[in-house]
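So you can see what is in the structure, the chains are spelled out below.
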Amino acid sequence: FSHPLDGCPEKSNTTFMDDLRGWNKLTSRRYIWDYTINYNHFLMPFPNLDVLDLNIRTFVSNGVVGIFEEGASPVGAELGEVRAWVLARLLWNPRLDDTRLVKEFVSRVYGPAAGKVQEFIDIQGEAIRTGGDHVRVFDAPKGRYLGDDVLKRCDRILVEAQGLAGSGDAALSNRIIRLRMPIWYTRFTLAREPKEVLKDQARRLSESGKALGYTHVDAWS
C-alpha cells in the first residue's frame with residue numbers, strides 16, 4: 001500500500017490487478033472495499049498518501065462503480081483527518097491530485113504551523129520513496145522508513161510546529177499533538193532508545209490519548 005497497486009511488481013499487487021482486469025471482463029458491477037491504514041497499529045505511520053489518487057483512478061479505469069475507503073477515525077488513526085479529507089475529495093472527483101489536496105488541507109487546518117506540518121509529511125513521503133518498503137495493513141513496526149533518524153527528525157519539526165501554534169490556540173496545539181502521537185507511539189514500540197526516553201514517550205502518549213478521546217491502538221484493543 002506504499003506503492004501504486006498498478007505498477008508495483010510485488011506479487012500481491014500484480015495478482016490483484018490480474019483479478020481486477022479479469023472481473024472487468026465479466027461484469028459491470030464491481031465494488032471495492034479498500035484499506036487505508038495499519039489495522040495492527042493504528043498510530044504507526046502508514047505512508048500511502050502518495051498513492052491514494054493513483055489507486056482510485058486505477059479502480060475507476062477498470063470499471064469499478066463503487067468504492068468504500070476504510071480508515072479508523074475518530075478512534076485514533078495516524079493522519080486520519082488528512083486521509084479522510086483527501087479520500088472524500090477523490091471519491092467525488094478521481095482526477096484530483098492528492099499532493100495538492102494534502103497541501104490544501106494542511107494550509108487551512110494548521111495555520112501558522114502549516115509549513116512545518118507540511119515538512120513533516122514530506123519527510124515521511126521521502127523516507128518511503130527512498131527506502132522502498134512494501135507497506136501492508138497488518139505490518140509489525142518495521143521498515144527503513146521508520147528509522148531512528150526519520151522519527152527523531154519528524155519529532156523535532158513537530159516541536160517547532162507546536163511552538164508556532166503558540167499557547168493561545170488550544171485547538172491548533174491539540175491538532176499538532178495528534179501528529180506527534182504516532183511518532184511517540186512508534187519510538188516507544190520499537191524500544192530502541194534508553195528506558196527514560198521510552199517512559200517519557202509512553203507517558204505523553206497515554207496522557208494525550210486520554211485527553212483527546214482516543215479509544216484504540218489497533219482494530220481489536
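It should be noted that the structure appears before, not after, this text.
Model, not experiment: these values are computed from the prediction. (Residues numbered from 1 in each chain as written. Predicted model: local features only at pLDDT ≥ 70, side-chain atom pairs only at ≥ 80, totals over all residues. Heavy atoms only, no water.)

1. Overview of the packing of aromatic side chains
Working step 1: What the rule picks out here adds up to nine aromatic pairs.
Working step 2: Judged by centre distance (6.4 Å) and plane angle (80°), the rings of Phe-16 and Phe-59 are edge-to-face. Of the two residues, Phe-16 sits in helix α1 (residues 11-26) while Phe-59 sits in helix α2 (residues 52-61), which places them 43 residues apart along the sequence.
Working step 3: In this structure Phe-16 comes out as partly exposed when scored by relative accessible area, which is 27%. (Phe/Tyr/Trp six-rings, centres within 6.5 Å; stacked < 30°, edge-to-face > 60°. Helix = DSSP H or I, 4+ residues; strand = E, 2+ residues; numbered from the N terminus. Buried < 20%, exposed > 50% of the residue type's maximum accessible area, 1.4 Å probe, protein only.)

2. Thoughts on the pairing of strand β2 (residues 64-70)
Working step 1: Looking at chain direction, strand β1 (residues 30-35) and β2 are connected through six bridges and run parallel. Directly across from Ile-32, in β2, lies its bridge partner Ile-67.
Working step 2: Assessed by its sense of winding, the connection that carries the chain from β1 through α2 to β2 is right-handed. (Pairing = 2+ DSSP bridges. Right-handed = clockwise from strand over helix to strand, strands pointing away.)

3. Observations concerning empty space enclosed by the protein
Working step 1: Scanning the model with the defined rule gives three cavities of 30 Å³ or more in all.
Working step 2: In this model, the largest cavity occupies a volume close to 60 Å³.
Working step 3: Considering the residues around the largest cavity, the lining is formed by Phe-1, Asp-34, Tyr-35, Thr-36, Asn-48, Val-51, Leu-52, Asn-55, Ile-56, Glu-69 and Leu-87.
Working step 4: At the level of secondary structure, the elements contributing two or more residues to the lining of the largest cavity comprise β1 and α2.
Working step 5: No other element matches α2, which puts three residues into the lining of the largest cavity.
Working step 6: When the residues that make up the lining of the largest cavity are grouped by side-chain class, the tally is six nonpolar, three polar and two charged. (1 Å grid on protein atoms, 1.4 Å probe; cavity = no way out; pocket = protein on both sides within 12 Å on 5 of 7 lines; lining within 4 Å. Points joined across faces, edges and corners; volume = space filled by probe spheres on them. Nonpolar A, V, L, I, M, F, W, Y, C, P; charged D, E, K, R; others polar.)

4. Some points on the side chain of Glu-70
Working step 1: Secondary-structure assignment places Glu-70 in strand β2.
Working step 2: Buried and unpaired, Glu-70 has no salt bridge, with Arg-83 as the nearest side chain of opposite charge at 12 Å.
Working step 3: Discounting residues that sit within four places of it in the chain, Glu-70 has contacts with Trp-33, Asp-34, Tyr-35, Thr-36, Ile-37 and Tyr-39. (Lys, Arg positive; Asp, Glu negative; His and termini not counted. Salt bridge = Lys/Arg side-chain N within 4 Å of Asp/Glu carboxyl O. Contact = heavy atoms within 4.5 Å.)

5. Some points on the layout of surface pockets
Working step 1: Counted as a void, the largest pocket has a volume near 270 Å³.
Working step 2: Taken together, 19 residues make up the lining of the largest pocket; nearest its centre are Leu-49, Asp-50, Ile-121, Asp-122 and Gly-125.
Working step 3: Those elements that place two or more of their residues in the lining of the largest pocket are α4 (98-109) and α5 (114-131).
Working step 4: Among the elements that make up the lining of the largest pocket, the one with the highest residue count is α5 (seven residues).
Working step 5: Tallied by class, the residues present in the lining of the largest pocket amount to seven nonpolar, five polar and seven charged.

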